[in-house]
Number of protein chains: 2
Amino acid sequence: MDKIERLLRQHHIRPTAIRLLMYKFLHEKNVAVTLNDIESGFDKSERTTLYRTIKTFEKNGLVHQIDDGTGVAKYALDEPENQKGNSQDLHLHFHCTSCNETVCLTDHKIPHISLPKGFVTQDMNLVLKGTCDKCNRK
Amino acid sequence: MDKIERLLRQHHIRPTAIRLLMYKFLHEKNVAVTLNDIESGFDKSERTTLYRTIKTFEKNGLVHQIDDGTGVAKYALDEPENQKGNSQDLHLHFHCTSCNETVCLTDHKIPHISLPKGFVTQDMNLVLKGTCDKCNRK
DNA sequence: AAAAACATGCAACTTAAGTGCATTATTTCC
DNA sequence: GGAAATAATGCACTTAAGTTGCATGTTTTT
């Protein structure tokens, strides 16, 4: 409890009730969640607040937004190892078209790609799509 | 003119006036366009029609949709060499955060990526973000 | 030329994202 | 500790993109 509070403070986020709850919520999930997912998990609070909360988390480097091609933004906690270094976490994401879940594959880094002359890369986004381990076992 | 008509027919698309115009429009551009871009280029026609036209093109393998992270779907013509083979065109896209243009880098293929056991990949999406050659020259 | 199939245009709906502003809670500073 | 300042929350509303239903118009088929 104290631990989460300290973590939020480290990121310059005031640890309000909702924020603590949302952090726990995100922490329990091991998949990326949409704002709707979050909303469903919080009967208490209101969409706008949850929206602004996740945006605050994002701005302060606690979560990253994932664009998996479904057209809806998803969010996942930054892993601690990525939080330390200020290097951007260029891990890839896997989107399962069967269960619609998206997971971070944090230990799969995106390979370096050489571009035509004049292009400067600042960021990248790689999403693999297919069926995940859970769905393939069924 | 006839050439485009034949091309559409080859893709089982009836060559109506709007479709011919849209094909030309897409062909002239060398960047991916949004539905809004198309709309702006066609005072004549209506959003719904343009929407359905581009979707018809997509369904019949004439264009591919690109999700560059801006939250708006973009479309670009499939290159002829990709049309022949039925292998999915796994080229990558570059999105310029300065001019907001997105281009297909068709000769840059996405490298193979090995996944954890149980994951089966069917498709993938790689978008690099940064500044393009034109913007860097300015 | 009539029937069938398809394309187009208009209106309306859905969903997600985002903003303005009043109210409530938390810090800061004396 | 209490007042002022700052920030968080909740509600209503707006925007933007995508999408569908249906009536009308056009093309194809026979």
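Residues numbered from 1 in each chain as written. Chains lettered and ligands numbered in written order. Predicted model: local features only at pLDDT ≥ 70, side-chain atom pairs only at ≥ 80, totals over all residues. Heavy atoms only, no water.

Named according to an unreviewed UniProt entry, chain A is Transcriptional repressor originating from Christiangramia crocea.

Bringing the protein's contact with DNA strand C into the picture now. Around DNA strand C lies a shell of 18 residues, among which Tyr51(A), Thr16(B), Arg19(B), Ser45(B) and Arg52(B) are the nearest. Among the atoms of DNA strand C lying within 4 Å of the protein, the sugar-phosphate backbone contributes 67%. At a separation of 3.4 Å, a base oxygen of DNA strand C approaches a polar side-chain atom of Arg47(A). Tyr51(A) places a polar side-chain atom, nitrogen or oxygen, 2.5 Å from a phosphate oxygen of DNA strand C. When residues of the surface near DNA strand C are traced back to their parent elements, those giving at least two are helix 4 (47–59) of chain A together with helix 2 (17–28) and helix 4 (47–59) of chain B. Ranked by the residues each element gives to the surface near DNA strand C, the list is headed by helix 4 of chain A, at five residues. Among the residues forming the surface near DNA strand C, the class breakdown is four nonpolar, six polar and eight charged. (Near = heavy atom within 4 Å. Polar contact = N/O pair within 3.5 Å; in protein donor to acceptor, adjacent residues only side chain to side chain. Helix = DSSP H or I, 4+ residues; strand = E, 2+ residues; numbered from the N terminus. Nonpolar A, V, L, I, M, F, W, Y, C, P; charged D, E, K, R; others polar.)

Moving on, we get to the UniProt feature "binding site: Zn(2+)" (unreviewed entry) in chain A. Residues and elements named next belong to chain A. Here, the residues flagged by UniProt with the feature "binding site: Zn(2+)" (unreviewed entry) are Cys96, Cys99, Cys132 and Cys135. On the basis of their most widely separated C-alpha atoms, the annotated residues across 40 residues gather in one place, lying no more than 8.3 Å apart. For Cys99, the location among the structural elements is in the loop between strand 4 (91–96) and strand 5 (102–109). Take Cys99: its relative accessible area is 30%, and that puts it in the partly exposed class. Excluding anything up to four places from it in sequence, Cys99 contacts Cys132 and Cys135. As for its placement among the helices and strands, Cys135 is situated in helix 6 (residues 133–137). By relative accessible area, which is 13% here, Cys135 ends up buried. Residues within four places of Cys135 in sequence aside, it is in contact with Cys96, Ser98 and Cys99. (UniProt positions renumbered as here; feature names shortened; annotations may be inferred. Buried < 20%, exposed > 50% of the residue type's maximum accessible area, 1.4 Å probe, protein only. Contact = heavy atoms within 4.5 Å.)

Before going further, it helps to spend a moment on the protein's contact with DNA strand D. Within the structure, DNA strand D sits among 18 residues, and Thr16(A), Arg19(A), Ser45(A), Arg52(A) and Tyr51(B) are positioned closest to it. With respect to DNA strand D, the side chain of Arg19(A) contributes an N or O atom lying 2.8 Å from a phosphate oxygen. In terms of residue count, the dominant contributor to the surface near DNA strand D is helix 4 of chain B (five residues). Class assignment for the residues of the surface near DNA strand D results in three nonpolar, seven polar and eight charged.

Here chain A sits on chain B after a turn of 180° about the axis and a move of 0.0 Å along it, with an RMSD of 0.0 Å. Put plainly, the chains are arranged around a two-fold axis. For chain A, the smallest separation between a C-alpha atom and the rotation axis is recorded for Leu126(A), amounting to 2.2 Å. When the interface residues of chain A are mapped onto chain B, 100% of them are again interface residues, pointing to one common binding face. (Least-squares fit on C-alpha atoms with pLDDT ≥ 70 in both.)

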